[in-house]
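# Structural features, examined
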Amino acid sequence: MQVTRLLRRLPLHRPALQAAKVNGVKRLVGTKAMPEQTITLSSSMLRKATRTLLSDIDLIVYDMAGTTVQEGGIVYKTLQRAMREDGLKVSDEEMHAWHGAKKEAVIEHFALKAGTPPEEVMERVTRIGDWFVNAIDDAYFNEASAIDHIDIGLLGYFRQLKDAGIKIAFDTGYPENIQQGLIKRLGFDKVADAYISSYQVTEGRPYPYMIHHLMEQTKVMNVKRVCKVGDSVRDIQEGRNAGCGLVVGVLSGADSFQELMNAGAHMVCERVTDIPVPQRQPTLSNQRLPDFS
């Protein structure tokens, strides 16, 4: 049975609640305080209880691979293969811990671990990095590529968010050319207000710099009105380090429910389209003044 989780941390004087389907019934379960108590909600009440999650959000920053882009973990498998081709021993378990990191940081870690002399590390990083970029470029953009949206209704969902007054941005550990190619291939350029690669800042995730740059690009002043969404622990750490008002983990990619929650996610759901779209905020242009004549 597939379990659907929707969890948000509540104020400290109240237990955190986990919404899960248990024996066909959706329940809100205390995850820390008073775990023996449950509240059972109907589907309609659960939607009502969560539909205001984005009401105070002006900007959502989405990760790409595993969050909005369905690519089967190619990026991590390819980087692992690139390092192995160069003689580095990298197990699946060791690689998992580096999901969401900039490729140069990953390669440098395993090169030093293998005993590469410090003066030769950058040469090895460059060599492996070039092999990786060429392999990813082929895997993502050849005619047989299966790269797609994480959900069939993703673009429609993004348009609903924009209609509700929420700006959409993407950040990634991809090099700029790969990010730009994916943005165009998947039609994200039709909905994105901004996007950025970790290669455009001094440090990628878990540093908060990409989020802060996207705030600058979209003219969002208050980081508490920014939501970060991602599938890896580093995505969650990035959002928390940036000070985002809402940090959401998704189970469509790298890390598990418990790993995302332990990293500090406020909420975890199956995929990005599970987050309820708020009602459209009225603007002065569509508000009618009362007729006093």
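Residues numbered from 1 in each chain as written. Predicted model: local features only at pLDDT ≥ 70, side-chain atom pairs only at ≥ 80, totals over all residues. Heavy atoms only, no water.

Per an unreviewed UniProt entry, the protein chain carries the name Phosphonoacetaldehyde hydrolase and comes from Durusdinium trenchii.

### Considering the sheet that holds strand E8 (residues 167-172)
Paired through their backbone hydrogen bonds, the strands of a sheet run either parallel or antiparallel. Spatially, E9-E8-E5-E10-E11-E12 is the arrangement adopted by the 6 strands of the open sheet, whose pairing is parallel. The two strands at the open ends of the sheet, each matched to only one other strand, are strand E9 (194-197) and strand E12 (267-269). Adjacent strand axes in the sheet meet at a mean angle of 20°, parallel and antiparallel pairs treated alike. Examined bridge by bridge, strand E10 (residues 226-230) and strand E11 (residues 246-250) share 4 bridges and lie parallel to one another. Looking at the pairing, Lys228 lines up with Val247 of E11. Contacts from helix H8 (residues 209-218) reach strand E5 (59-62), E8, E9 and E10, with the element oriented near 150° to E9. (Pairing = 2+ DSSP bridges. Helix = DSSP H or I, 4+ residues; strand = E, 2+ residues; numbered from the N terminus. Axes fitted to C-alpha atoms, helices over the stretch in contact; angles between N-to-C directions. Contact = heavy atoms within 4.5 Å.)

### Observations regarding the packing of helix H4 (residues 103-113) against helix H5 (residues 118-141)
Interhelical geometry of H4 versus H5 gives an angle of 130° and a closest axis separation of 9 Å. Overall, the two elements H4 and H5 adopt an arrangement that is oblique. The hand of the H4/H5 crossing is right-handed. Residues Lys103, Glu104, Ile107, Glu108, Ala111 and Leu112 of H4 form the contact with H5, whose participating residues are Val121, Arg124, Val125, Ile128, Gly129, Phe132 and Val133. Residues that form the contact of H4 with H5 fall into these classes: 8 nonpolar, 1 polar and 4 charged. (Parallel < 35°, antiparallel > 145°, perpendicular 65-115°, else oblique. Left-handed = near helix turned anticlockwise from the far one by under 90°. Nonpolar A, V, L, I, M, F, W, Y, C, P; charged D, E, K, R; others polar.)

### A few points about the pairing of E9
When E8 meets E9, the two strands line up parallel, connected through 4 bridges. Its bridge partner lying in E9, Ala169 is registered against Ala194.

### Overview of the nonpolar core
Counting 55 residues, the largest nonpolar core has Leu54, Tyr62, Met83, Phe158 and Phe188 as its most contacted members. Here the element with the most residues in this core is H5; it accounts for 7 residues. In contact with Met83, not counting residues within four places along its chain, are Leu88, Val90, Met95, Val106, Ile107, Phe110 and Ile128. (Core = buried A, V, L, I, M, F, W, Y, C linked by side-chain atoms within 4.5 Å. Buried < 20%, exposed > 50% of the residue type's maximum accessible area, 1.4 Å probe, protein only.)

### Considerations on the pairing of E11
The buried fraction of E11 is high, at 5 of 5 residues. Residues of E11 alternate between two faces, with Leu246, Val248 and Val250 on one and Val247 and Gly249 on the opposite face, all of them buried. Where E11 meets E12, 3 bridges bridge the pair, whose relative direction is parallel. Across the sheet, Val248 pairs through a bridge with Met267, a residue of E12. Following the chain from E11 across helix H10 (residues 257-262) to the adjacent parallel E12, one finds a crossover that is right-handed. (Right-handed = clockwise from strand over helix to strand, strands pointing away.)

### Description of the packing of aromatic side chains
Following the criterion strictly, the structure yields 9 aromatic pairs and no others. A centroid spacing of 5.6 Å and a plane angle of 85° characterise the contact between Tyr140 and Tyr174, whose relative ring orientation is edge-to-face. Of this pair, Tyr140 sits in helix H5 while Tyr174 is found in the loop between E8 and helix H7 (176-185), placing the two residues 34 residues apart along the sequence. Residues Tyr140 and Tyr174 agree in their burial class; the two are buried. With centroids separated by 5.5 Å and ring planes inclined at 35°, the aromatic side chains of Tyr207 and Tyr209 adopt a geometry described as tilted. Residue classification places Tyr207 among the partly exposed positions, given a relative accessible area of 38%. The class of Tyr209 is partly exposed, set by a relative accessible area of 31%. The rings of Tyr62, Tyr157, Phe158, Phe170 and Phe188 are connected pair by pair, giving a single aromatic cluster. (Phe/Tyr/Trp six-rings, centres within 6.5 Å; stacked < 30°, edge-to-face > 60°.)

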